[in-house]
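Chains, contacts and geometry: an overview
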Amino acid sequence: MRDILDIREIEDIDRLENEYDLEKASLLERKLRLMIDDNPELKPLRKKLRDLIKEYEDKEWSDFENITDSQVDESDKAEEIVNYEQKFINKRKEVIRKRLKEFDMTQQDLGLVLGHPKSYMSELMNGVSQFTLKDLVIIHRILGVKLNVLIPTFLQSETRAQVRESIEKLNKPKLGLRKSEFI
């Protein structure tokens with residue numbers, strides 16, 4: 001599964017590729033379950049996620065006797081990464097809500113400023129859909145939220161590996177990823 005930038009991209013995904021995809025899909029499915037009451041149009045997306053999850057688990061985890069230690073390790077690492085990402089999203093949501101309260105604003109008010117409907121603001125705040133860079137800059141400018149709170153700077157493992165490989169090809173030993181690149 002390619003990195004989901006917006007939950008509406010779920011419709012274009014044919015299958016989950018790895019444990020990270022499974023963890024991410026499972027988290028999104030749980031979030032959608034909570035959001036469906038306010039936004040019933042999300043039901044088909046949740047069903048698609050459930051189908052993708054079941055297909056992956058049936059393929060990768062159904063033969064209990066042949067589950068390897070490396071498969072379990074990959075699953076644990078994926079869970080750790082998704083939990084880290086979720087902590088970032090929760091912290092961002094908490095900071096934005098605090099600043100909204102300080103300005104006597106609601107999430108709907110922020111949606112009006114950003115040009116987004118109420119249901120979409122809920123998706124953005126809960127990390128189900130992604131803020132655009134423009135949205136984050138506006139939040140930074142009007143609410144005074146620091147950019148490092150709004151914009152994640154960690155890289156997915158595939159991206160990190162690709163960057164390291166490219167740096168090696170360039171033969172630039174002084175160039176490299178900082179320790180803060182946890183994910």
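The sections below set out a description of the structure shown in this document. (Residues numbered from 1 in each chain as written. Predicted model: local features only at pLDDT ≥ 70, side-chain atom pairs only at ≥ 80, totals over all residues. Heavy atoms only, no water.)

**What about the overall build of the chain?**
In terms of regular secondary structure, the chain is built from eight helices and zero strands. Element order for the chain, N to C, with α for helix and β for strand: α-α-α-α-α-α-α-α. Taken over the C-alpha atoms alone, the chain extends approximately 55 × 50 × 25 Å along its principal axes. For the chain, buried positions account for 39% of its 183 residues. In the chain, the proportion of contacts linking residues at least 24 apart, taken out of those at least 6 apart, comes to 64%. Of the roughly 11,800 Å² of accessible surface on the chain, a fraction of 50% belongs to carbon and sulfur atoms. Measuring between centres, the 34 positive side-chain charges of the chain sit 8 Å from its 38 negative side-chain charges. (Helix = DSSP H or I, 4+ residues; strand = E, 2+ residues; numbered from the N terminus. Buried < 20%, exposed > 50% of the residue type's maximum accessible area, 1.4 Å probe, protein only. Contact = heavy atoms within 4.5 Å. Areas by Shrake-Rupley, 256 points an atom, 1.4 Å probe, with all protein chains shown as cover. Lys, Arg positive; Asp, Glu negative; His and termini not counted. Charge placed at Lys NZ, Arg CZ, Asp CG, Glu CD.)

**As for helix α1 (residues 19–35)**
The end-to-end C-alpha distance of α1 is 24 Å, a good match for the 24 Å that 17 residues give at a rise of 1.5 Å each. Of all 17 residues that make up α1, 14 are buried, and the element is covered over most of its length. With a side-chain oxygen positioned 3.1 Å from the backbone nitrogen of Y20, the residue opening α1 is N18. (Expected span 1.5 Å × (residues − 1). Polar contact = N/O pair within 3.5 Å; in protein donor to acceptor, adjacent residues only side chain to side chain.)

**Overview of unusual backbone geometry**
Even without being glycine, D104 reaches a positive phi, approximately 55 degrees. Within the element layout of this structure, D104 appears in the loop between α3 (69–102) and α4 (107–114).

**Some words on the side chain of N126**
Among the structural elements, N126 can be located in the loop between α5 (118–125) and α6 (133–143). Engagement of the side chain of N126 in a polar contact is seen with the backbone oxygen of S122, the distance being 2.8 Å. When neighbours within four sequence positions are excluded, N126 is seen to be in contact with K31, Q86, I89 and K93.

**Section: the environment of M35**
Mapping M35 onto the fold places it in helix α1. For M35, a relative accessible area of 8% corresponds to the buried category. Each C-alpha atom of the pair M35 and N126 lies 9.5 Å from the other, and the pair is 91 residues apart in sequence. Sequence-distant contacts of M35, defined by excluding residues within four places in its chain, comprise L42, S122, E123 and V128.

**Quick word on the nonpolar core**
Counting 17 residues, the largest nonpolar core has I7, L16, L32, L42, L45, L49 and V128 as the members making the most contacts within it. Membership of the second largest hydrophobic core comes to 16 residues, among which are L114, L124, M125 and L150. (Core = buried A, V, L, I, M, F, W, Y, C linked by side-chain atoms within 4.5 Å.)

**Overview of a negative patch on the surface**
Taken together, the side chains of D69, D73, D76, E79 and E80 present a region of like negative charge at the surface. Summarising the element assignment, D73 is placed in helix α3. (Patch = residues over 30% accessible without salt bridge, like charges linked within 9 Å, V, L, I, M, F, W, Y side chains within 5 Å. Salt bridge = Lys/Arg side-chain N within 4 Å of Asp/Glu carboxyl O.)

**Regarding the packing of α1 against α3**
In the contact formed by α1 and α3, the axes pass within 8 Å of each other and the chain directions differ by 45 degrees. When the interaxial angle is binned, α1 and α3 end up oblique. In this structure, α1 crosses over α3, and the sense of that crossing is right-handed. Across from E19, Y20, E23, K24, L27 and K31 in α1, the residues of α3 making contact are Q71, E74, S75, A78, E79, I81, V82, E85, Q86 and I89. Grouping the constituent residues of the contact of α1 with α3 by class yields six nonpolar, three polar and seven charged. (Axes fitted to C-alpha atoms, helices over the stretch in contact; angles between N-to-C directions. Parallel < 35°, antiparallel > 145°, perpendicular 65-115°, else oblique. Left-handed = near helix turned anticlockwise from the far one by under 90°. Nonpolar A, V, L, I, M, F, W, Y, C, P; charged D, E, K, R; others polar.)

**Some points on the pattern of salt bridges**
Two side chains bearing opposite charge may form a pair once their charged atoms approach each other closely. Here the structure, examined in full by the defined rule, presents eight salt bridges. Between R46 and E29 there is a salt bridge whose closest N-O contact spans 2.6 Å. Of this pair, R46 sits in helix α2 (residues 43–60) while E29 sits in helix α1, and the two are 17 residues apart along the sequence. Like E29, R46 is buried. Linking K169 and E165 is a salt bridge whose minimum nitrogen-to-oxygen distance equals 3.5 Å. Highlighted residues: K169 and E165, both in helix α8 (residues 157–170), separated by four residues, approximately one helical turn. Residue K169 is classed as exposed on the basis of its relative accessible area of 65%.

Note that every value here comes from positions in space, so none of it alone points to a role or purpose.
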